[in-house]
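Tertiary structure, described
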Amino acid sequence: MSNHNETDVGAAVAQAIDMGEYREHFHREFRFAPYYSAGREWPDYEPAYRYGYDSFLHCGGRRFEEVEEELARDWTHCRAASRLHWTEARDAVRDGWHHIERNLPHALDRPLR
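Here's a quick rundown of the structure. Per-chain numbering applies: the sequence of each chain, read as written, is numbered from 1 onward. Residues qualify for local features only when their pLDDT is at least 70, as the model is predicted, and side-chain atom pairs are given and counted only at 80 or more; totals for whole chains, interfaces and linings, by contrast, use all residues. Processing note: side-chain calculations cover all non-hydrogen atoms of the structure and skip hydrogens and water entirely.

Topic: the side chain of Glu46
Applied cut-off: Helical segments are the DSSP runs of H or I of at least four residues, strand segments are the runs of E of at least two, and each set is numbered from the N terminus. Pairs of N or O atoms within 3.5 Å make up the polar contacts considered here, provided that, within protein, one atom can donate a hydrogen while the other can accept it, and that residues adjacent in sequence are counted only when both atoms are side-chain atoms.
Note that Glu46 resides in helix α3 (residues 42-58). Here the side chain of Glu46 touches Arg50 through a polar contact of 2.6 Å, side chain to side chain.

Here we look at helix α4 (residues 64-78)
Going by this rule: What a helix is expected to span follows from its residue count: subtract one and scale by 1.5 Å. In this scheme, the bend at a residue equals the angle between the axes fitted to the seven residues that finish there and the seven that begin there. Think of it in three bands: with a 1.4 Å probe and only protein chains considered, a residue is buried below 20% of the maximum accessible area for its type, exposed above 50%, and partly exposed in between. Throughout, a contact is declared for two residues whenever any of their heavy atoms are within 4.5 Å.
Over its 15 residues, α4 extends only 17 Å from the first C-alpha to the last, a length that falls short of the 21 Å expected when each residue adds 1.5 Å. Along α4, the largest kink reaches about 40° and is centred on Leu71. All of the buried residues in α4 are Phe64, Val67, Glu68, Leu71 and Trp75. Check the buried side of α4 and you find it contacts α3 and α5 (86-103).

Description of the packing of aromatic side chains
The geometry of an aromatic ring pair is captured by the separation of the ring centres together with the interplanar angle, meaning the angle of the planes. Put simply, the rule is: For Phe, Tyr and Trp, where Trp contributes only its six-membered ring, two rings pair if their centres lie within 6.5 Å, and the inter-plane angle classes them as stacked under 30 degrees, edge-to-face over 60, or tilted in between.
For the structure on display, the rule yields 13 aromatic pairs. Centroid distance Tyr36 to Tyr45: 5.9 Å. Interplanar angle 35°. Geometry classified as tilted. Residue Tyr36 is classed as partly exposed on the basis of its relative accessible area of 22%. On the accessibility criterion, Tyr45 (0% relative accessible area) is buried. The rings of Tyr22, Phe26, Phe30, Tyr35, Tyr36, Trp42, Tyr45, Tyr49 and Tyr53 are connected pair by pair, giving a single aromatic cluster.

As for the pattern of salt bridges
To keep it simple, the criterion reads: Salt bridges are identified by distance alone: a Lys or Arg side-chain nitrogen within 4 Å of an Asp or Glu carboxyl oxygen.
Summed over the entire model, instances satisfying the criterion amount to ten salt bridges. Of the charged contacts, one joins Glu41 and Arg31 as a salt bridge, the two residues approaching to 2.5 Å between their closest N and O atoms. Residue Glu41 is located in the loop between α2 (19-29) and α3, and its partner Arg31 is located in the loop between α2 and α3; the two are separated by ten residues in the primary sequence. Overall, Arg31 belongs to the partly exposed group, its relative accessible area being 44%. Its salt-bridge partner being Arg50, residue Glu46 comes within 2.6 Å of it at the nearest N-O pair. Taken together, the residues Glu46 and Arg50, both in helix α3 and four residues apart, mark about one turn of the helix. A relative accessible area of 14% means that Glu46 is categorised as buried.

Spatial relationships are all this shows, so hold off on functional conclusions.
Have a look at this one:
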């Protein structure tokens, strides 16, 4: 487990991952994702991707699986106008979360000195 706090992680994410580019990436790709459901549109998925981004910032570098239960519980408050229930949104949130992990500098993998 990392010694990073959420301020460290949030700052690193903000420097490494541009929210506009993150959003555009998923806007282009959401219909090709294995979890996409026909009849759902960007306004259904965008809150899930935003939730993945925001929750990554606030979870201090923990793994998705460590906070998934908390994320599921809070989804109804964060989903905005999305028609997705947690069982449908989960994979999009996780996809957004892992997109950030894959694109962060590896400096976050090491303990702070």
